[in-house]
Amino acid sequence: MQSATHLLRVPSLTSIELCAGAGGQALGLERAGFRHTALVELDTDAVHTLRTNRPNWNVVPADVRDLTEGGLRSTDKTVGLLAAGVPCPPFSLAGKQLGAVDERDLFPTLLNLSARLQPTAVMVENVKGILQGKFASYRGEVLGRLAAQGYRTSWRLLRACDYGVPQLRPRAVLIAMRPDAFAAFRWPEPTSCPETAPGVGSVLYESMASKGWELARQWADEAMRIAPTLCGGSRRHGGADLGPSRARRAWAQLGINGSSVADELPLPGASLPVRLTIGQMALLQGFPSDWRFSGRKTSAYRQVGNAFPPPVAEAVGRSLAHALTQAETTAEDRIPHTDRVETERAGSSLRP
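Residues numbered from 1 in each chain as written. Predicted model: local features only at pLDDT ≥ 70, side-chain atom pairs only at ≥ 80, totals over all residues. Heavy atoms only, no water.

Caption draft 1: Molecular detail of the overall build of the protein chain. Along its length, the protein chain carries 14 helices and seven strands. The burial tally for the protein chain puts 51% of its 352 residues in the buried class. Within the protein chain, counting contacts between residues at least 6 apart in sequence, those at least 24 apart form 70% of the total. Entry remark: accessible area of the protein chain is about 16500 Å², with carbon and sulfur atoms responsible for 52%. (Helix = DSSP H or I, 4+ residues; strand = E, 2+ residues; numbered from the N terminus. Buried < 20%, exposed > 50% of the residue type's maximum accessible area, 1.4 Å probe, protein only. Contact = heavy atoms within 4.5 Å. Areas by Shrake-Rupley, 256 points an atom, 1.4 Å probe, with all protein chains shown as cover.)

In structure tokens:
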């Protein structure tokens, strides 16, 4: 008869993350109780950002398409979660929406790695554009391949403002889990809404006033609403600004000049509208105030704008952690403990 260790594949709260960026998703998962065994990121500045803020994280500077299974497998016998924030441009409403024919589409790479690593759960974040009807067959193919690997799946559109982040920022999140874990999974309940989420003014007032800007309180009182979605852009297009004309008009209603990014906080005598710094935009993404971003302005801005807000990642991560823990507990209850007892007795009879 098989021993108990071969009868049970015990999941743990470990995480391997692909396309980790500046660490928004990783930070949220860390807060949810996950221990990162590897974070893969290609961009040199983002790699430095991760290492600066979390020197203990195992950051792997590599293109995920060049990874091998041996380069990712952790010291644990199983991988609890394979998480990824694969590139958005193939599906973004602001791009050409080339989907599968876009060279930046990394879903196939992710699916190949999930087949080889066999994690207990998979979590993928992307733009809401991937949920459009035009990508229905593409989503079906992704779900079909995950089903063939033994997963049950669910897509959900989550808004950052529903989890205490002061911007709308809708994101498509895909969850795939082994059947026992999936049965215990529940999408996180919203903790706020656009009417109750903290406004831009309340989140940024302290930093706006920190250099003595006389209009900080006036500005904050008139900016008590959630912000438009921050757009990070791609490496090919866009600079350090807050998006296209429509987005800039929305920012202007908040007293913010979205045409460029400020190098420093507003000083006495500064006039309205005011520009935002990288650090202030990071606060609007839900990053802690001490999180530092490496690289020049445009690079740092893209890291912030492309991030998965940590509070949203934490909310989903807590739901995942609960499901994994429940599945582990249920599986342990099914272990035939008599096998362990009989094995111990047999072993003792052989001792001198």
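Once the structure has been displayed, the description carries forward.
Caption draft 2: Spotlight on helix 12 (residues 297–305). The buried count for helix 12 comes to seven of nine residues, which makes it a mostly enclosed element. Buried within helix 12 are the following residues: Ser299, Ala300, Tyr301, Arg302, Gln303, Val304 and Gly305. Close packing links the buried residues of helix 12 with helix 3 (44–53) and helix 11 (278–284).

Caption draft 3: The environment of alanine 62, seen in detail. With respect to the helices and strands, alanine 62 occurs in the loop between strand 3 (59–61) and helix 4 (69–72). In this structure the C-alpha to C-alpha distance between alanine 62 and threonine 44, which are 18 residues apart in sequence, comes to 9.4 Å. Those residues in contact with alanine 62 that sit more than four places away from it in its chain are Val40, Glu41, Leu42 and Leu67.

Caption draft 4: Spatial organisation of the packing of aromatic side chains. All chains considered together, the criterion is met by five aromatic pairs. With 6.0 Å between their ring centres and 80° between their planes, phenylalanine 107 and tyrosine 138 make a pair best called edge-to-face. With phenylalanine 107 in helix 5 (residues 107–117) and tyrosine 138 in helix 6 (residues 136–148), the pair connects residues that are 31 residues apart, well separated along the chain. Taken individually, phenylalanine 107 and tyrosine 138 each receive the classification buried, so the pair is uniform in this respect. (Phe/Tyr/Trp six-rings, centres within 6.5 Å; stacked < 30°, edge-to-face > 60°.)

Caption draft 5: Representation of the side chain of serine 192 within the structure. For serine 192, the location among the structural elements is in the loop between helix 7 (179–184) and helix 8 (200–209). When its relative accessible area of 11% is taken as the criterion, serine 192 is described as buried. From its side chain, serine 192 meets the backbone oxygen of cysteine 161 in a polar contact 2.6 Å long. Here the side chain of serine 192 touches glycine 164 through a polar contact of 3.0 Å, landing on its backbone nitrogen. Leaving out residues up to four positions away in the same chain, serine 192 has contacts with Cys161, Asp162, Tyr163, Gly164 and Ala197. (Polar contact = N/O pair within 3.5 Å; in protein donor to acceptor, adjacent residues only side chain to side chain.)

Caption draft 6: Structural context of unusual backbone geometry. Following leucine 272, the chain continues to proline 273 via a peptide bond in cis, the omega torsion being -5°. Topologically, proline 273 is positioned in the loop between helix 10 (245–252) and helix 11. Positive phi outside glycine occurs at cysteine 19, with the angle close to 55°. Inspection of the secondary structure puts cysteine 19 in the loop between strand 1 (14–18) and helix 2 (24–31). Backbone geometry at arginine 169 places phi at a positive 40°, although glycine is not the residue there.

Caption draft 7: Layout of the nonpolar core. In this structure, Trp219, Trp251, Leu276, Met281 and Phe293 are the most contacted members of the largest nonpolar core, which totals 38 residues. Core analysis: the next-biggest nonpolar cluster, separate from the first, contains 31 residues, Val60, Val122, Val124 and Ile130 among them. (Core = buried A, V, L, I, M, F, W, Y, C linked by side-chain atoms within 4.5 Å.)

Caption draft 8: Structural view of the packing of helix 5 against helix 6. Close contact between helix 5 and helix 6 brings their axes to 10 Å; oriented N to C, the two are set at 10°. With respect to each other, helix 5 and helix 6 are oriented roughly parallel. Residue-level contacts link Phe107, Pro108, Leu111, Asn112 and Ser114 of helix 5 to Tyr138, Val142, Arg145 and Leu146 of helix 6. (Axes fitted to C-alpha atoms, helices over the stretch in contact; angles between N-to-C directions. Parallel < 35°, antiparallel > 145°, perpendicular 65-115°, else oblique.)

Caption draft 9: Summary view of the sheet that holds strand 4 (residues 81–84). Spatially, seven strands are ordered 3-2-1-4-5-7-6 in an open sheet, and the strand pairing comes out mixed. At either margin of the open sheet sits one strand with a lone partner, and together these are strand 3 and strand 6 (152–159). For this sheet the average axis-to-axis angle between neighbouring strands, irrespective of direction, equals 15°. With four bridges connecting them, strand 4 and strand 5 (residues 121–127) associate as parallel partners. Bridging across to strand 5, leucine 81 finds its partner in alanine 121. (Pairing = 2+ DSSP bridges.)

Caption draft 10: Here's a closer look at the pairing of strand 1. Summarising burial for strand 1: five of the five residues are buried, a large majority. What you see with strand 1 is no split at all: Thr14, Ile16 and Leu18 on one side and Ser15 and Glu17 on the other are buried throughout. Bridge count for strand 1 against strand 2 (residues 35–41) is four bridges, and the pairing is parallel. Within strand 2, the residue paired with serine 15 across the bridge is histidine 36. Handedness of the strand 1-helix 2-strand 2 crossover: right-handed. In this structure, strand 1 lies alongside strand 4, joined through four bridges in parallel fashion. Looking at strand 4, one finds that glutamate 17 is bridged to alanine 83. (Right-handed = clockwise from strand over helix to strand, strands pointing away.)

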